[in-house]
Structures are given as structure tokens and as C-alpha cells.
Amino acid sequence: MTKYFPAIAIFVAVIALGIFAYVTDAVAFAGSSSETCANCHVMDDVYENWFHAPHKNWTKCVDCHLPHDNVVSYYLEKGRTGLHDVYVFSTGQTPEVIRATAYSQGIIQENCVRCHESTVEVVVMSPHENDRYCWDCHRDIAHGARGISLLPLQDAELYPHNK
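In short, a report on the structure. Values in this document were obtained by computation on a predicted structure and should not be read as measured data. In this numbering scheme, every chain counts its residues from 1 along its sequence in written order. Selection of residues for local features in this predicted model requires a pLDDT of at least 70, selection of side-chain atom pairs for listing and counting requires 80 or more, and totals for whole chains, interfaces and linings are taken over all residues. For side-chain calculations, the full set of non-hydrogen atoms in the structure is used, while hydrogens and water are omitted.

### Some words on the overall build of the chain
- Going along the chain from the N terminus, every DSSP run of H or I of four or more residues is numbered as a helix, and every run of E of two or more is numbered as a strand. A tally of helices and strands in the chain yields nine helices and zero strands.
- Starting at the N terminus and walking to the C terminus, you meet the elements of the chain as α-α-α-α-α-α-α-α-α.
- Expressed as a percentage of its 163 residues, the buried residues of the chain come to 22%.
- In what follows, residue pairs with any heavy atoms lying within 4.5 Å of each other are defined as contacts. Put simply, 64% of the contacts in the chain that link residues at least 6 apart link residues at least 24 apart. Burial classes: relative accessible area under 20% of the type maximum marks a residue as buried, over 50% as exposed, and values in between as partly exposed (1.4 Å probe, protein chains only).

### Focus on the packing of aromatic side chains
- Two rings from Phe, Tyr or Trp (for Trp, the six-membered ring) form a pair when their centres are within 6.5 Å of each other. A pair whose planes differ by under 30 degrees is stacked, one over 60 is edge-to-face, and the rest are tilted. Inspection of the entire model under this criterion finds four aromatic pairs.
- Ring centres of Tyr-74 and Tyr-75 lie 4.9 Å apart, and the angle between their planes is 75°; this geometry places the pair in the edge-to-face category.
- Residue classification places Tyr-74 among the buried residues on the basis of a relative accessible area of 11%.
- Both rings, one in Tyr-133 and one in Trp-135, keep their centres 4.5 Å apart while their planes meet at 5°; by these two values the pair is stacked.

### Overview of helix α1 (residues 5–24)
- Given the number of residues in a helix, its expected span is that number minus one, multiplied by 1.5 Å. Between its terminal C-alpha atoms α1 stretches 28 Å, which fits the 28 Å expected from 20 residues at 1.5 Å a residue.
- At the exit of α1 stands Asp-25, carrying a positive phi of roughly 55°.

### Structural notes on the pattern of salt bridges
- Think of a salt bridge as a Lys or Arg side-chain nitrogen and an Asp or Glu carboxyl oxygen that are within 4 Å of each other. Summed over the entire model, instances satisfying the criterion amount to one salt bridge.
- With a shortest N-O distance of 2.8 Å, Glu-77 and Arg-80 are connected by a salt bridge. One end of the pair, Glu-77, and the other, Arg-80, are both in helix α6 (residues 71–90), three residues apart, so they sit about a helical turn from each other.

The values reported here are purely geometric and, on their own, carry no functional implication.
Structure (C-alpha cells):
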């Protein structure tokens, strides 16, 4: 029996992982569908605002919120943020209002510039300081006007449109 133990252990692990992947729909989380990002209730207002905003016609969540410099950094960050979300949700630490971390804001800014390179070239080459994020001025673009959601977690009061 001990001779077969490693093979049985591997077989049981594969079956357990298969059941886990099926039950959690893990394959969907490896993709890029914006609907997958809205699986958590805390994302409802963010998803709804994006859904009604101009960027919906051209982007998905991953286009702005994950790095695109190479496939390795893309999937490493996808895994890191996914594991963070699972941990926060599983331990009951889900905040009522979510905000991008400083690290995530850097990724988002890089993606704004990447997609709008010809437009922002004028801004970058201007004599003005470039000490702001794109969304400091263009607040309504990616996720729409604050307050369009009927959900109770809308953060328009905390982060008003007019700074």
C-alpha cells in the first residue's frame, strides 16, 4: 500500500483541484471579462459606473488595471490582486468603499498614457509639471459620473467630482 501512496495522493490532489476549479469557476478568473471582476458585491457600483461610462466601448477592467509591459508581469499582477481579493473576502475584511492602492494607481496611469500616447504627448511635452494622475482632471471618463449608481456603496460623497 505504501508503494502506491504517492500516486494515490497525486490522484486525490488532482481530483480535489478539479472540483475546486469547477465549483469556483476558476477558469473565468484567468480571463479578461469585466463581468468576472464584478463577482464581488463591493465591485457592483464600480462595475455599474464603468458599464455606463464612455470607456466601456473600448476597454475591459484588465486594460486599465493590469500592467501590459509583458505577459509575465500581467499574470503575476493578476494573480497577486486575485489572491489579495480572495484573502480579504475570506477573512471578512472587505471594505465598503474600495480605492486603488498607490501601486495600482501607477499601473492605471501607465495604461492611460499607453492608450492615449498621441494625445498625452502634448501634455507631457508642455512646460507644466506632470504631477497629477490623468483622472485628477478626467474624473468621469473611465467609471462614469460619480453618483449615477443607485447602490448604497456609491462613493460620490467621499470623492466628489469637483475637487
